Amino acid sequence: MENPAFDFPATISNENGPTGEDGAGSSSASLAFPNNNRFRKISRDTVPHIDNYRTTTGNNSNEMSITRPTLRELYNPTEINAAAQESFEEASPDVVNQGNFTHHKFGWIEGVLIRNMMSIWGVMLFLRLSWVVGQAGIGETLVIIAISTFITLVTALSMSAISTNGEIGGGGTYFVISRILGPEFGGSIGIIFTIANILDCALNVVGFSQAVQDMMFEYGGVIIVDGATNDIRIIGTATLIFICSICGLGAKYETKMKDAMFIVMLISLSNFIVGSIMGPTSESEEARGFIGYSIDLLNENWGPSYTITGGQMQNFISVFSVYFPASIGILAGANVSGDLKNPNKAIPKGTILAIIICSISYAGVAIICAATVTRAATGIVEDLQNGTNLYCNETHSCNYGLYYDYQAMALVSAYAPLNYVGCFAATLSSALSDFFSCPALLEVIAADKLYPYWMIGFLGKGYGATKQPLRAYACTFILALAFVLIAELDMIALLISNFFLATFALMNFSTFHVSLIKPVGWRPTFKYYNTWLSLLTGILSIASMMLISIPIAMITIGVVIFFYFVVLYRSPEVNWGSSTQAQTYRIALNSIQQLVHIEEHAKNYRPQILVLTGLPNTRPALVDFAYLICKNNSLMICGHVVKERLTHETRSKLQNKAYRYLRFTKIKGYFSITDNTDLHTGVTAMLSLSGVGKVKPNILMMGYKNDWATCDRNSLEQYVLTIHTGFEMNVAVTILRLKEGLDCTEILADVDDMILKATNKKIKEKKDTPAGNAATVETTVEVIASTAAIIQSKIKSTKEGGVMTKNKKKDSEMEQNLAFRDTAGKPLPKSVLNNIIIFQRKQKKNTIDVWWLSDDGGLTLLLPVIINNRTNWAATKLRIFCTACGLNELEKNQRGMAILLSKFRIDYSDLVIITDADEAPKEKTKKWFDNILQPALQSGTNGPLLTKEELEAFQYKTDRHLRLRELLLDHSSDSNLVVMTLPITRKGDFSAPLYMAWLEALTANMPPFMLVRGNQTSVLTFYS
């Protein structure tokens, strides 16, 4: 039998000609699609293809390519409409156009290896390595190099693991960390890393300026202003302008310049090695401390000999902080990940090889300096001839040697000017890499819209045909210039060390976290990393930050925390599949599994509510009331039972609509829908299947059925059967009634229309508006970050239009008026609006009356206590009403109840014991009850809902409820909320209409009224 899922009747061509009858031979088959008949003549099923797994946007990983058919299109192809074909056909030209776009990309050598090596071979190699050797000695210098190499190498291994676990977009380090740890940490480290790169750029510009200043003085005695910091500032400013101009031309020219400088660097290092072998060529060089290779000198320079430099006594930590910026260039290649041909392979290979080569070169240069140059020398030829050029004291000062001469490498080189040229190449190359990466980072961060438009977003605006982020370039230039004007190399090095160590710490923690959680999607092709080694390196990085400078470390951590909370507060709508999401799922799963094996205890009881709201926006007061109990406390599920059978698409639309409303109202709840069933069967299914383990509903909350006397008999029976369902499934049942009713379908416009309208506006602006196009982006695009923010943005727009609100109360009122409107789109009358938001408002100083008539386990008392603890209800007082058998039992019952409430630690304002609950009701009350029963006694299609015989049979119960009504009217008619024990329904004893008549007697024309019946299990305890 043929498989219809793989039935391809289209034309098949063989590029290599026909094959033999046995089917042997190599052939390539292709499908020929006839015009307009592709959906009819071939299956919609597709073969696996890479395009099917690409996302359509960068932020939402769930938006897949349209080339793969949906499941519905496969199993029910007759419902495929013309719109699907049109969208399929219209998508093709876009794909072709995207494929024709070309962009210059770099390989791993040019894009990563050379770029990283040039960044590592920076200012520290030429201007500070010799000083490090002089202070720490060759032994501790090698330890410093080893520690730095260990941190950077393990960081590179961690980065390699992450970068080979899927495609990498632009943004390099920021992209990697943000997609692993989520937008909060990713956004904060993106800012930190940008500042660190700007600092590194300034460091290299200052180093370049210092080298130029030294060369000018050495070979011409030229001084611009003072031969000190002001000269460095002038040269640095001019250099920064030159660097900005080169970077503005694009990555292609910047990379070509780096390639040329790389050759110069190799020549310069070769010149240094040759010079060390040649030894001193004049007495002047020897007088400055360059004596050639000497074992004795190497032994002398082996140990540390720390001195005072810049007014500070040096030690291992201070020298390490000066050297460490030499290692930070390992991320230069990753920073331009968007310009690499294959970043997954280029970044690991180029970065690790660059670290190994550069670490060896640093160690080699350090050993050569220690073996050929003394720590101190006077530089005077006469002292050399007298043999006193190495003796330094207060009267015989030394200005040369490893301690004092930052140009010791030039002294050793065969041709000193070539060393200066190498220093220029190294510093300019590193500065170029850093400066070029910063605008790209800012552009990517701005495009992700993690921060407000005024803070970061406006920097991402592109100009010209190539969409250059000129604002980001200007911001980078201004910040870099500010650091250049410091003109102190060691101070900048101290700042930069902490910022990069913070970046390295989070990079290693990212790898540790994702490899520890092990989400299903964690499958890096780079295997040479270790989970615990990454953690160790992350801890070592943090420890190094603290050792270098505690104040600067605190500032760095403070900056990270500040930007973290900015993103956390904004809660941007991004879904990057981060490891924190995987951890949240794992923790939740483990916690639920642990709860399954823990026996429930009254102290840990939580009211977990299944509230029958239908679509939540149709009964907002019922949703608000349930959330009043569950907020930050327990589970709330909004249930919707639909009689008709729903398709998957319809079900999804209803679920999305419900969750949009819940998010709009900032309610943390869930939505469950069941279809093709009646009410009580659907509720049974929900109670059985909703939740997991112990996290499942234990309370069924319903709205009161106001039309019970006039509705059809089946509808009423279903309602009462639903109450029975709750009792049968051993869950508590609560019923809420408002005078005006709960169903707002006929008086309230669908707020979802406004939400969708704003969302569609956002999508359109995303497509049509360049990033950061106008000042209104914040109030039109950013507002949709959450549905509640839509209303806030409209309030903001109103304020900017000149209508200023005076306080938060008026802001809240404006939110409600914008959210809730009548079916014609007009504002609701204030009285109607107040009824809808009754449980959102701050309550007046009145009472919550609790009529605890039967011991149901304490739920009748617990729920009002929870409500009373809410901020908006804190001003209300609890009044407890109980019944006694007679006057003789009054004092005893009152004392016992007071003791019980005291042991439960419940604050109440009054305790009332009712002694006359068994008295007969008044004739007035009976007449009122008879009037409300008249519709139910009328003959309908299937006869009357109620019969006089049944009324007479249960007259004693009716009288009891009517008497309770009289007591309720006497004591609780002005309360904020009345809570009463729900009368139990003995199945089969009496009809649904009679039961509803009793509930009507209790609740009619009363304040908000909640009937509660626990499941007879204790939810309160006085044991510790």
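It should be noted that the structure appears before, not after, this text.
Before going into details, it helps to say that this report is about the structure given with it. Quick caveat: nothing in here was measured; it's all calculated off a predicted structure.

Applying the stated rule across the entire model yields six cavities of 30 Å³ or more. As a volume, the second largest cavity reaches approximately 80 Å³. Looking at the lining of the second largest cavity, the elements with two or more residues in it are helix H6 (129–163) and helix H15 (343–372).

We now examine the nonpolar core. Grouped together as the largest cluster of nonpolar side chains are 141 residues, with contacts concentrated most on Trp-121, Leu-125, Met-265, Tyr-362 and Tyr-451. Other than its neighbours up to four places away in sequence, Trp-121 contacts Phe-262, Met-265, Leu-266, Leu-269, Ile-357, Cys-358, Ser-361, Tyr-362, Ala-426 and Ser-430. Cys-638, Ile-880, Ala-884 and Ile-906 belong to the second largest nonpolar core, which has 57 residues in total.

Okay, unusual backbone geometry next. Phi angles above zero are rare outside glycine, and Asn-1005 is one such case at about 55°. Mapped onto the secondary structure, Asn-1005 falls in the loop between helix H38 (992–1003) and strand S14 (1009–1013). For Asn-1005, a relative accessible area of 56% gives the class exposed.

Interhelical geometry of helix H35 (residues 923–937) versus helix H37 (residues 955–972) gives an angle of 110° and a closest axis separation of 10 Å. Viewed along their axes, H35 and H37 adopt a mutual orientation that is roughly perpendicular. Once H35 is placed against H37, the crossing between them reads as right-handed. Where H35 abuts H37, its residues Thr-925, Lys-926, Trp-928 and Phe-929 lie against Thr-958, Asp-959, Leu-962, Arg-965 and Glu-966. Residue classes in the contact of H35 with H37 are distributed as three nonpolar, two polar and four charged.

Another point: the pairing of strand S11 (residues 877–883). Burial runs high along S11: five of the seven residues are buried. Across five bridges, strand S10 (residues 847–851) lies against S11 in parallel orientation. For Thr-847, the partnering residue across the bridge sits in S11 and is Lys-877. One crossover worth recording links S10 to the parallel S11 by way of helix H33 (residues 859–868), and it is right-handed.

Counting through the fold element by element, Thr-374 comes out in the loop between H15 and helix H16 (381–386). According to the relative accessible area criterion, Thr-374 is buried, its value standing at 7%. Polar side-chain contacts of Thr-374 include one of 3.3 Å to the backbone oxygen of Ala-376.

With that settled, consider the pattern of salt bridges. In the structure shown here, the tally under the stated rule is 11 salt bridges. One salt bridge in this structure joins Arg-960 and Asp-918, with 2.9 Å as the shortest N-O distance. Here Asp-918 lies in the loop between strand S12 (910–914) and H35 and Arg-960 lies in helix H37, a separation of 42 residues in the sequence. Across the pair Glu-966 and Arg-963 runs a salt bridge, and its minimum N-O distance is 2.8 Å. Separated by three residues within a single helix, Glu-966 and Arg-963 lie in helix H37, roughly one turn from each other. For Glu-966, a relative accessible area of 6% translates into the label buried. Connected via shared salt-bridge partners are Asp-916, Glu-919, Arg-963 and Glu-966.

Here the focus is helix H24 (residues 620–630). The buried fraction of H24 is high, at 11 of 11 residues. What H24 keeps buried is the set Pro-620, Ala-621, Leu-622, Val-623, Asp-624, Phe-625, Ala-626, Tyr-627, Leu-628, Ile-629 and Cys-630. Backbone geometry just downstream of H24 places Asn-632 in the positive-phi region, at approximately 55°.

Where helix H8 (residues 183–220) meets helix H20 (residues 489–517), the axes come as close as 9 Å, and the angle between the chain directions of the two elements is 150°. Taken together, the axis directions place H8 and H20 in an arrangement best described as roughly antiparallel. By crossing handedness, the relation of H8 to H20 is classed as left-handed. A breakdown of the residues in the contact of H8 with H20 according to their chemical character gives 19 nonpolar, four polar and one charged.

The next thing to look at is the packing of aromatic side chains. One pass over the structure, following the stated rule, counts 24 aromatic pairs. For the ring pair Phe-324 and Phe-504, a centre distance of 6.1 Å and an interplane angle of 70° mean the geometry is edge-to-face. Highlighted residues: Phe-324 in the loop between helix H13 (316–323) and helix H14 (332–335) and Phe-504 in helix H20, separated in sequence by 180 residues. The pair formed by Phe-324 and Phe-504 is uniform in burial state, with each residue classed as buried. By the ring-pair criterion, three or more aromatic residues cluster together here, those being Phe-193, Phe-320, Phe-324, Phe-500 and Phe-504. The ring of Tyr-406 has Arg-128 lying over it, and the distance from NZ or CZ to the ring centre is 3.8 Å. Cation over ring: Arg-965 sits above Trp-928, and NZ or CZ is 3.9 Å from the ring centre.

Thresholds applied
- Residues numbered from 1 in each chain as written.
- Predicted model: local features only at pLDDT ≥ 70, side-chain atom pairs only at ≥ 80, totals over all residues.
- Heavy atoms only, no water.
- 1 Å grid on protein atoms, 1.4 Å probe; cavity = no way out; pocket = protein on both sides within 12 Å on 5 of 7 lines; lining within 4 Å.
- Points joined across faces, edges and corners; volume = space filled by probe spheres on them.
- Helix = DSSP H or I, 4+ residues; strand = E, 2+ residues; numbered from the N terminus.
- Core = buried A, V, L, I, M, F, W, Y, C linked by side-chain atoms within 4.5 Å.
- Buried < 20%, exposed > 50% of the residue type's maximum accessible area, 1.4 Å probe, protein only.
- Contact = heavy atoms within 4.5 Å.
- Axes fitted to C-alpha atoms, helices over the stretch in contact; angles between N-to-C directions.
- Parallel < 35°, antiparallel > 145°, perpendicular 65-115°, else oblique.
- Left-handed = near helix turned anticlockwise from the far one by under 90°.
- Nonpolar A, V, L, I, M, F, W, Y, C, P; charged D, E, K, R; others polar.
- Pairing = 2+ DSSP bridges.
- Right-handed = clockwise from strand over helix to strand, strands pointing away.
- Polar contact = N/O pair within 3.5 Å; in protein donor to acceptor, adjacent residues only side chain to side chain.
- Salt bridge = Lys/Arg side-chain N within 4 Å of Asp/Glu carboxyl O.
- Phe/Tyr/Trp six-rings, centres within 6.5 Å; stacked < 30°, edge-to-face > 60°.
- Lys NZ or Arg CZ within 6 Å of the ring centre and 35° of its normal.

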